[in-house]
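# Summary of structural features
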Amino acid sequence: MANTKTFSREEVAKHDTEDDLWIIIDAKVYDLTRFKNLHPGGVAALLEEDIPGQDATEAFYGLHRHEVLERPQYKRLQIGVIEGEEPQLYGKVNGEISEVPYAEPTWLTPGYHSPYFTEGHREFQKVVRMFFDDHVYPDAQASLFLISLWAYLTSHTLQLRELDGKRPSQEVFDKMAEVNLHAMRMGPGKHLKGLKLMNGLVKPEEFDYFHELIVNQEMVRCGARGYGDGLLSGCVIGLPPVLNFGSPELKARIVPDILKGKKFICLAVSEAHAGSDVFGLQTTATKTEDGKHWIISGNKKWITNGVFADYFTVGCKTEDGFTVILVERSEGLETKPIKTAYSASAGTAYVTFDKVKVPVENTLGEEGGGIFVMLSNFNHERWVLCCCSARSQRLLIDECMKWTAQRQAFNKPLNTQPVVRAKLAAMIARTEGIQAWLENLTYQMCNMSYKEQANKLAGQLAFLKMYSTRCAAESAADAVQLFGGRGVTQTGMGRFIEHYHRAVPFDSLLGGAEDVLADLGVRQAMRGMPKNTRL
Ligand code: HEM
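Keep in mind it's a predicted model, so treat the numbers as computed, not measured.

So, on to the overall build of the protein chain. Looking only at helices and strands, the protein chain has 19 helices and 15 strands in total. Its C-alpha radius of gyration of 26 Å places the protein chain within 12% of the 24 Å reference for a compact globule of 535 residues. In terms of its C-alpha atoms, the protein chain occupies a principal-axis envelope of roughly 90 × 60 × 45 Å. Within the span of the protein chain, comprising 535 residues, buried residues form 51% of the whole. Across the protein chain, every contact between residues at least 6 apart in sequence was considered, and the portion connecting residues at least 24 apart equals 74%.

A few words now on the coordination of the iron atom of the ligand. Around the iron atom of the ligand, the protein contributes the donor atoms His39 (NE2) and His64 (NE2), which lie 2.0 Å from the metal centre. Coordination at the iron atom of the ligand comes from six donor atoms whose angles at the metal span 85 to 177°, giving a geometry best classed as octahedral. Of this pair, histidine 39 sits in the loop between β4 (28–31) and α2 (43–46) while histidine 64 sits in the loop between α3 (57–61) and α4 (67–70); the two residues are 25 residues apart in sequence, bridging distant segments of the chain. In this pair, the class of histidine 39 matches that of histidine 64, namely buried.

This part takes up the pairing of strand β6 (residues 265–268). Where burial is concerned, the two faces of β6 agree: the one with Ile265 and Leu267 and the one with Cys266 and Ala268 are both buried. Relative to strand β9 (residues 311–318), β6 runs parallel, the two being bridged by four bridges. Within β9, the residue paired with alanine 268 across the bridge is valine 314.

Below, the discussion takes up the UniProt feature "domain: Cytochrome b5 heme-binding" (unreviewed entry) in the protein chain. Those residues carrying the UniProt feature "domain: Cytochrome b5 heme-binding" (unreviewed entry) are residues 4–83 in this numbering. Secondary structure across residues 4–83 divides into 28% helix and 24% strand, with the first and last C-alpha atoms of the span separated by 10 Å.

Below, the discussion takes up the site of the ligand. The environment of the ligand is made up of 22 residues, and the closest members are His39, Leu46, His64, Tyr74 and Arg486. In the model, a nitrogen atom of the ligand is placed 2.7 Å from a nitrogen or oxygen of the histidine 39 side chain. In this structure, an oxygen atom belonging to the ligand sits 3.0 Å away from a side-chain N or O atom of arginine 486. For the shell around the ligand, the secondary-structure elements that each account for two or more residues are β3 (20–25), α2, α3 and α4.

As a further point, take the nonpolar core. Ranked by size, the top nonpolar core spans 77 residues in total, and within it Phe124, Leu181, Leu239, Val242 and Trp383 carry the most contacts. Among the elements that take part in this core, helix α15 (residues 370–406) stands out by supplying eight residues, more than any other. Leucine 239 has contacts with Met186, Gly234, Val255, Ile258, Leu259 and Ile265, leaving out every residue within four places of it along the chain.

Their axes nearest at 9 Å, the elements helix α10 (residues 209–219) and helix α16 (residues 418–447) cross at an angle of 140°. Classified by the interaxial angle, the pair formed by α10 and α16 is oblique. Listed contacts from α16 to Tyr209, Phe210, Leu213 and Gln217 of α10 are Gln435, Leu438, Glu439, Thr442, Tyr443, Met445 and Cys446. Tallied by class, residues from the contact of α10 with α16 come to seven nonpolar, three polar and one charged.

Each assigned domain of the protein chain is listed with its residue range as follows: domain 1 (6–82), domain 2 (119–231), domain 3 (260–368) and domain 4 (377–527). A straight line from the C-alpha centre of domain 3 to that of domain 4 covers 31 Å. Taken together, the contact between domain 3 and domain 4 spans four residues of the former and four residues of the latter. Overall, the association of domain 3 and domain 4 removes approximately 450 Å² of surface from exposure, summing both partners, and the carbon and sulfur fraction of that is 72%. When the buried area of domain 3 at its contact with domain 4 is split by residue, Leu267, Ala341 and Tyr342 rank highest and sum to 82% of it. Run the count over domain 3 and domain 4 and you get zero salt bridges. Our count for the domain 3 to domain 4 interface comes out at one residue pair in polar contact (both at pLDDT 80 or more). For the side of domain 3 that touches domain 4, a count of residues per class yields three nonpolar, one polar and no charged.

For glycine 484, the location among the structural elements is in the loop between α17 (450–483) and α18 (495–509). Residue glycine 484 is classed as partly exposed on the basis of its relative accessible area of 32%. A C-alpha to C-alpha distance of 23 Å links glycine 484 and cysteine 222, two positions 262 residues apart in sequence.

This paragraph deals with the side chain of glutamine 393. Note on placement: glutamine 393 falls in helix α15. Overall, the relative accessible area of 1% leaves glutamine 393 in the buried class. Beyond its immediate chain neighbours, meaning those up to four positions away, glutamine 393 contacts Thr431, Ile434, Ser468, Cys471, Ala472, Ser475 and Tyr500.

Attention now goes to the sheet that holds strand β1 (residues 6–7). With mixed pairing, the five strands of this open sheet are ordered in space as β1-β5-β4-β3-β2. Every other strand in the sheet has two partners, leaving β1 and β2 (16–17) as the edge strands with one partner each. Note that β1 and strand β5 (residues 78–82) share two bridges and pair parallel. Across the sheet, residue phenylalanine 7 finds its bridge partner in β5, namely isoleucine 82.

Rules behind the numbers
Residues numbered from 1 in each chain as written. Predicted model: local features only at pLDDT ≥ 70, side-chain atom pairs only at ≥ 80, totals over all residues. Heavy atoms only, no water. Helix = DSSP H or I, 4+ residues; strand = E, 2+ residues; numbered from the N terminus. Rg over C-alpha atoms; globule rule 2.2 N^0.38 Å. Buried < 20%, exposed > 50% of the residue type's maximum accessible area, 1.4 Å probe, protein only. Contact = heavy atoms within 4.5 Å. Donors = N, O, S within 2.8 Å, 3.2 Å for Na, K, Ca; no water. Tetrahedral: all angles 85-135°; square planar, octahedral: opposite > 155°, others 65-115°. Pairing = 2+ DSSP bridges. UniProt positions renumbered as here; feature names shortened; annotations may be inferred. Near = heavy atom within 4 Å. Polar contact = N/O pair within 3.5 Å; in protein donor to acceptor, adjacent residues only side chain to side chain. Core = buried A, V, L, I, M, F, W, Y, C linked by side-chain atoms within 4.5 Å. Axes fitted to C-alpha atoms, helices over the stretch in contact; angles between N-to-C directions. Parallel < 35°, antiparallel > 145°, perpendicular 65-115°, else oblique. Nonpolar A, V, L, I, M, F, W, Y, C, P; charged D, E, K, R; others polar. Domains from an automatic or database assignment. Buried area = accessible area lost by both parts, 1.4 Å probe. Salt bridge = Lys/Arg side-chain N within 4 Å of Asp/Glu carboxyl O.

This is the structure:
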């Protein structure tokens, strides 16, 4: 409970010395007398001539995020409020729609209309946002807070998650499973049958790609990229081949526990030698003499969630070409973490297979038909990445609009500078363009058969993903310029910007590198050129 004792501004003004140091921030009175020597920004900052005994609101918000005041160790510095005044400023409010212009897509902005989102989608969005704010954000940011504390206490920038390789808390997986979020992230389909989605808010047969878009876009608001992948990105790409190509027995045995968040699965295709070039893969699967088992040997690299996965959907070289096989963690299979630019929470692994024995019943799809199994996965994976990229660029807008309004330089807010506004303009235009294109393609997905999607949308989605991640990189670089040194500092005002800028290349690589996707899109378009057209 905040301290509600009241003081007049005159009374506060009397406490203006080093040994008796009070300040006002947003009508709240703080006694910093004992805290000053512990202040991370040093004593001198608190003794500047316009601080002791005075209203330090502007000075404070130019240097700190609002969340600083909400940390328990600092909250208790508040001794009261100014008589007859109410605090006006706030930071993150769970479930809230941001009022910052362009920080939300138009369909969530009051007064705007959408041809795509129904009342049902709107209700769903509210509940999903509250869910992620209540249950996921604190877990994601707990790790970031510990990272900050670690950095502060040790003067190192090591990430705790990177040190201990911890994944998101099991309670978070369990909570997500309770409302069937893991299942919803697989998209609309038979796997939802009989499930209560978001406590029955949406009927399984009514769940569409716009619901799934909402889940993806709300999830990335936790602002932690590695942690976000730790929240079972491996399952989003590793489970569909099982759902679509696994035998009924295999599905009955492994899928329920995966969707309940009790067991974990990942996709293991890329290799140190071959990247995602499936025809260059060197992991082999050969049949035992009795034909009942595969023996798998080789290695896989950059496998998201591999560190903690129980199941691996593995691309293998077989006699007939390329085959996808579901491998259970067993003798001969080992995983070790790979240190990447984002948190080890994602469980990125190097996986080695040393004569791992797998029943042939675990084959997914036809022997030699692996390329079809893989290709059928790509569109959805890329679309998910587009949803996430589009939404995470809104976080940049939210951060940059607030920062440039509250930060003063040369005695004026940053946003009074035309060059700053030009960067904001570019950021906003890119993000609006991506979201509009994404909503269009999502609508096509809702109205096309799976086969039509594969034919008509592979190019579109490849282009959208390429465009989204190029825009994301440009906006991240612009945001760093706006935040200056803070944009490359892991703690404090610019921590989200630093994190975003460091993690943004992941989006540009996962699910297909930008140049590869660009080329794929154009090659598809070339194939569709009418034979008889001339200039
Ligand atoms: C309730 C009052 C205050 C608390 C709890 C507080 C706390 C903190 C904390 C935790 C930091 C580390 C950076 C971060 O986490 O954002 C910090 C940095 C800093 N604080 Fe304060 N502070 C307070 C008031 C002030 C005031 C009134 C000033 C004077 C303008 C000030 C000046 C600074 C400066 C210059 C830094 C370093 C900023 C940077 O490295 O970017 N602080 N403070």
